[in-house]
Amino acid sequence: MTMIVRGALWFGLYLFLILLPLATALIAAPSRVAPSFTVELGVGAGFVGLALMCLEFALISRTKAAAQAFGEDSLQLFHNLMGMVALLFLVAHPILLIVAGYPASCWLNPFAACANAATRTAALALYVLILLVALSVWRKKLGIKYELWQVTHGLFALLILLAAMVHIFILGRYTTTPIMKAVWLVYAILVTILLLRYKIVIPILNWNKTWEVVENRKERGDSRTLVLKPVGHAGYSFQPGQFAWLKTGRTPFGLGQHPISMSSAGDVEPGSEVRFTIKNLGDWSGQEVPALKPGHTMWLDGPHGVFSMDREQGMGYIFVGGGIGITPLSSMLQTMVEREDVRPVLLFYGGSDLDNLTFREELDELAGQMNLQIIYVLTDPPEDWEGETGYVTAGMMKRYLPKQFKRFIYFVCGPEPMMDAMEEALPELGIPPQNVHTERFDMV
């Protein structure tokens with residue numbers, strides 16, 4: 001089954017699960033005087049928004065069957081987008097009811113005299129959802145630590161679902177029939193299973209799979225490379241370009257898991273060391289990572305991701321990297337050298353200056369061992385710099401691309417501005433969409 005077919009099937013299932021509660025409610029609603037169209041529209045918006053909130057847990061549950069169709073970072077971006085869509089539906093729910101004649105104070109003010117348990121739980125769910133989305137959008141600007149945000153994000157999401165469920169069951173109009181009770185029971189079971197798997201089962205499975213820090217070395221670009229070895233187990237092999245969720249601490253439970261790409265070659269033997277290169281982006285990466293010493297214990301959940309040349313064979317490759325986005329691309333290049341892969345690779349690597357090009361010396365060494373051409377692109381070059389300056393653009397790329405560039409496979413990884421620019425540049429060059437594979441390293 002191709003990735004496109006698999007993705008279409010998953011997306012179809014997702015849409016079905018979103019619309020199932022609404023369709024069931026309309027079919028199975030008890031026969032009584034029908035409310036106005038505006039009321040029904042408002043109720044429908046509420047059902048769709050609540051179904052989206054339930055399925056938000058599925059998008060971030062690290063289910064590999066789904067991630068293989070879309071990619072972990074794509075699921076995360078879709079999760080972010082669907083959170084905003086759910087907010088729009090759940091805001092539309094009370095607005096439409098107010099337009100239909102329901103008192104605004106009863107629905108929006110939980111302390112109003114006319115408010116009851118149903119309206120209070122609805123208001124609680126709505127206001128907590130607004131807070132959840134606001135904290136997610138402005139987390140960095142507000143200076144909220146990632147670990148604290150991660151905990152509050154999960155707790156707020158669970159609180160929203162519980163309050164919304166209580167709300168619809170108190171009202172009862174669409175939950176009195178056995179079929180509707182069965183539908184919402186299925187959704188409750190689904191969320192429970194996902195939470196137990198993500199928070200309990202996976203940490204338990206990793207309990208006896210500790211990793212030990214062997215080396216913590218400083219790299220260019222304000223980055224550090226952690227060399228880890230498996231303790232008491234064989235570790236794992238991985239496809240070049242994949243990543244793992246890293247956690248420090250005495251147990252695999254608790255706060256703060258971080259998605260980091262492997263920076264060593266794939267095809268490792270059982271028991272081999274694995275390298276992760278981490279850029280100082282504040283919080284954990286800028287404070288805890290530099291303090292890690294040889295002997296410290298770490299926990300890994302992986303490998304994850306579909307950003308790998310092993311999944312996309314081509315006659316040659318075009319890599320575009322920026323900043324620490326070079327990490328998965330470097331893993332692929334190292335693997336090609338070890339496999340004695342002679343296919344051509346053209347790498348565009350952007351950075352502010354030479355000192356911020358992580359792995360610059362290692363990349364130059366790889367260029368002497370394989371069919372690799374590197375184009376460094378600097379935004380703040382030294383005075384004697386004769387290479388490319390500014391940003392990677394379609395015009396710049398066209399000067400270096402081989403004649404059959406449309407048949408090559410493209411891998412792009414870097415910061416948001418570069419990723420956005422490549423989404424315009426590659427179609428401009430006529431690159432077929434199926435030949436382009438991207439990963440945004442700042443996906444959380």
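Preceding block: the structure.
The paragraphs below set out a description of the structure included in this document.

Calculation notes
- Residues numbered from 1 in each chain as written.
- Predicted model: local features only at pLDDT ≥ 70, side-chain atom pairs only at ≥ 80, totals over all residues.
- Heavy atoms only, no water.
- Helix = DSSP H or I, 4+ residues; strand = E, 2+ residues; numbered from the N terminus.
- Pairing = 2+ DSSP bridges.
- Contact = heavy atoms within 4.5 Å.
- Axes fitted to C-alpha atoms, helices over the stretch in contact; angles between N-to-C directions.
- Salt bridge = Lys/Arg side-chain N within 4 Å of Asp/Glu carboxyl O.
- Buried < 20%, exposed > 50% of the residue type's maximum accessible area, 1.4 Å probe, protein only.
- Phe/Tyr/Trp six-rings, centres within 6.5 Å; stacked < 30°, edge-to-face > 60°.
- Lys NZ or Arg CZ within 6 Å of the ring centre and 35° of its normal.

Examining the environment of Ala265
- Summarising the element assignment, Ala265 is placed in the loop between strand 4 (258–261) and strand 5 (274–279).
- When the C-alpha positions of Ala265 and Thr335 are compared, they lie 4.7 Å apart, and in sequence the two are 70 residues distant.

Comments concerning the sheet that holds strand 7 (residues 317–322)
- Spatially, 10-9-8-7-11-12 is the arrangement adopted by the 6 strands of the open sheet, whose pairing is parallel. The sheet terminates laterally at strand 10 (388–389) and strand 12 (436–440), the two strands that pair on one side only.
- Bridging between strand 7 and strand 8 (residues 345–351) involves 6 bridges; their strand directions are parallel. Looking across to strand 8, one finds that Phe319 is bridged to Leu347.
- Packing of helix 14 (residues 416–428) onto the sheet brings it into contact with strand 7, strand 11 (409–414) and strand 12, and relative to strand 11 it is tilted by some 155 degrees.

Brief notes about the pattern of salt bridges
- A complete count under the given rule lists 10 salt bridges for this structure.
- When the shortest N-O distance is used, the salt bridge between Asp355 and Arg220 registers 2.9 Å. Note that Asp355 is positioned in the loop between strand 8 and helix 12 (360–367) and Arg220 in the loop between strand 1 (210–219) and strand 2 (223–231), a separation of 135 residues in sequence.
- Looking at Asp355, the relative accessible area reads 53%, which means it is exposed.
- What makes Arg220 partly exposed here is its relative accessible area of 24%.
- Between Arg220 and Glu361 there is a salt bridge, and its shortest N-O distance comes to 2.6 Å. With Arg220 in the loop between strand 1 and strand 2 and Glu361 in helix 12, this residue pair connects regions lying 141 residues apart in the sequence.
- On the basis of relative accessibility, which here comes to 40%, the residue Glu361 falls in the partly exposed class.

A word on the pairing of strand 6 (residues 297–304)
- Buried residues dominate strand 6, accounting for 6 of its 8 residues.
- Pairing of strand 1 with strand 6 involves 3 bridges; the strand directions are antiparallel. Within the sheet, the bridge partner assigned to Thr210 lies in strand 6 and is Trp299.
- In this structure, strand 3 (residues 243–248) lies alongside strand 6, joined through 5 bridges in antiparallel fashion.

What to know about the packing of aromatic side chains
- Following the criterion strictly, the structure yields 9 aromatic pairs and no others.
- A centroid spacing of 5.9 Å and a plane angle of 80 degrees characterise the contact between Phe319 and Phe411, whose relative ring orientation is edge-to-face. Residue Phe319 is found in strand 7, and its partner Phe411 is found in strand 11; the two are separated by 92 residues along the sequence.
- Residue Phe319 is classed as buried on the basis of its relative accessible area, which comes to 0%.
- Arg139 extends its terminal NZ or CZ atom over the ring of Trp149, reaching a point 5.6 Å from the ring centre.

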